[in-house]
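Residue strings, one per chain:
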Amino acid sequence: MKRSAIVTGAAGAIGRATVARLAASGFGIMLVDRDEEALKEVVGSTAGTSVYSHVADVTNPEDVRSATEHAIASFGTVDTLINIAGGGGPKKTLGIEDIDLDLWNHVMALNVTSTFLFSQAVMAGMGKKGFGRIVNFSSILAFGEKGPPTTVPGRLAYATAKAALIGLTAQLAKDVGKNGITVNCIVPGLILGQPGTRVRGRFDALPDSEQARMLEGYPSGRAGTSEDVAAAVEFLVSEGAGYISGVALPVDGAYL
């Protein structure tokens, strides 16, 4: 069966690693991100495969509709959705009193609303086909983080949004399972991409003592890599993972 996917947040480190794995497996892929130049780089790195890009604001319903229509026009159908797009917003906040409503709404929209909109957009096609794979992205911060904020700027809003995605995953999996659609959620720990990537930059900017404190909870003694996460995504979207649904899967080296 020829497979096709939409990957949001495709220009980030995890997005790139995921796209590389899916492209190598023969997927047709629509890359979605707001960074046009970075998308061009990702498409160029997968030359010779059916990989296209669509610049979009994942919180905008019209952009989501346009990206989905572009994918359907390119592949005929979309049977896989990987919702990586998200983030903690542009402002570092130390407590609830520092969070204004605009920041709160932005983080909720970027993480939760985007996942809802794209899942809603592809659902009819997956249901008609009787097959679908959706992978959402939460975080270990869904369970809270002690101490001062580290690599996540708007931590309280981010933790709340990532917890909501676990609930969304659990309920949607139950709602659509009868249609041959699985819905799962990756729960990454500290994942560091290559130097120059967003989270890696924030981590590298921390004092050595703070970096060491962050790594103390990882039995492996190291942070995860984008490839660690992409491997888990590749399995969850496989045809063989059809009886795994509603799961929040930690990819964190036994941190939790």
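Above this text you will find the structure in question.
K.L.:
Whenever I open this one, the packing of aromatic side chains confuses me. Can you help?
P.N.:
Both the distance between ring centres and the angle between the ring planes are used here to describe each pair of aromatic rings. Following the criterion strictly, the structure yields two aromatic pairs and no others. Between Tyr52 and Phe75, the ring centres sit 5.8 Å apart and the planes meet at 50°, which makes this aromatic pair tilted. Of this pair, Tyr52 sits in strand β3 (residues 51-55) while Phe75 sits in helix α3 (residues 61-75), placing them 23 residues apart in sequence. Overall, the relative accessible area of 38% leaves Tyr52 in the partly exposed class. Judged by centre distance (4.5 Å) and plane angle (35°), the ring pair of Tyr218 and Tyr255 falls under tilted. Separated by 37 residues along the polypeptide, Tyr218 in the loop between α7 (208-215) and α8 (226-236) and Tyr255 in the segment after β7 (248-251) bring together distant segments of the chain.

K.L.:
Looking at this model, I keep getting lost on the sheet that holds strand β5 (residues 132-137). Mind explaining?
P.N.:
The strand order β3-β2-β1-β4-β5-β6-β7 describes an open sheet built from seven strands, whose pairing is parallel. Each edge of the open sheet is held by one strand with a lone partner, namely β3 and β7. Taken pair by pair, the neighbouring strands of this sheet meet at an average axis angle of 20°, ignoring direction. Looking at chain direction, β5 and strand β6 (residues 181-188) are connected through six bridges and run parallel. What sits directly across from Ile134, in β6, is Val183. Across the face of the sheet, helix α4 (residues 101-129) comes into contact with β1 (4-8), β2 (28-33), β4 (80-83), β5 and β6 while running at roughly 175° to β4.

K.L.:
When you look at the side chain of Ser119 in this model, what are you seeing that I'm missing?
P.N.:
With respect to the helices, strands and loops of the structure, Ser119 is situated in helix α4. We classify Ser119 as buried; its relative accessible area is 4%. Only 2.7 Å separates the side chain of Ser119 from the backbone oxygen of Thr115, close enough to count as a polar contact. Not counting the four nearest positions on each side in its chain, Ser119 is found in contact with Leu81, Asn83, Ile134, Asn136 and Leu172.

K.L.:
Would you mind going over the environment of Val42 with me for this structure?
P.N.:
Positionally, Val42 belongs in helix α2 (residues 36-45). Expressed as a C-alpha distance, the spacing of Val42 and Ser53, which sit eleven residues apart in the sequence, is 8.8 Å. Filtering out sequence-adjacent residues up to four positions away, Val42 remains in contact with Ala10, Ala11, Arg16, Val19 and Leu31.

K.L.:
Would you take a moment to explain the pattern of salt bridges for this structure?
P.N.:
Side-chain pairing between opposite charges can occur once the charged atoms of the two side chains come close. This model, assessed by the stated rule, comprises nine salt bridges. As a salt-bridge pair, Arg65 and Glu69 come within 2.9 Å of each other at their nearest N and O atoms. You can see Arg65 and its partner Glu69 sitting in helix α3, four residues apart, about one turn around the helix. For Glu69, a relative accessible area of 43% translates into the label partly exposed. One salt-bridge network, held together by shared partners, links Arg3, Asp79 and Lys129.

K.L.:
Can you help me understand the nonpolar core in this one?
P.N.:
Where a protein is soluble and globular, its nonpolar side chains tend to be buried together. If you look at the biggest cluster of nonpolar residues, it comprises 27 residues, and the most contacted ones within it are Ile29, Phe137 and Ile186. Within the residue set of this core, elements represented by two or more residues are β1, α1 (13-24), β2, α2, β5 and α8. Look past the residues within four positions of Phe137 in its chain and what remains in contact with it is Ile14, Ile82, Asn83, Ile84, Lys162, Leu165, Cys185, Ile186, Pro188, Val229 and Val233. Judged by nonpolar contacts, the second largest core, of 23 residues, contains Ala56, Val64, Val78 and Met123.

K.L.:
It is not clear to me how the side chain of Asn184 should be interpreted in this structure. Could you clarify?
P.N.:
The residue Asn184 is located in strand β6 in this model. The exposure class of Asn184 is buried, given its relative accessible area of 0%. Of note is the side chain of Asn184, whose polar atom sits 2.9 Å from the backbone oxygen of Ile244. When near neighbours in sequence (up to four residues on either side) are disregarded, Asn184 contacts Ile134, Val135, Asn136, Thr169, Leu236, Ile244, Ser245, Gly246 and Val247.

What counts and how
Residues numbered from 1 in each chain as written. Predicted model: local features only at pLDDT ≥ 70, side-chain atom pairs only at ≥ 80, totals over all residues. Heavy atoms only, no water. Phe/Tyr/Trp six-rings, centres within 6.5 Å; stacked < 30°, edge-to-face > 60°. Helix = DSSP H or I, 4+ residues; strand = E, 2+ residues; numbered from the N terminus. Buried < 20%, exposed > 50% of the residue type's maximum accessible area, 1.4 Å probe, protein only. Pairing = 2+ DSSP bridges. Axes fitted to C-alpha atoms, helices over the stretch in contact; angles between N-to-C directions. Contact = heavy atoms within 4.5 Å. Polar contact = N/O pair within 3.5 Å; in protein donor to acceptor, adjacent residues only side chain to side chain. Salt bridge = Lys/Arg side-chain N within 4 Å of Asp/Glu carboxyl O. Core = buried A, V, L, I, M, F, W, Y, C linked by side-chain atoms within 4.5 Å.

Interpretation note: all reported values are geometric properties and have no functional meaning in isolation.
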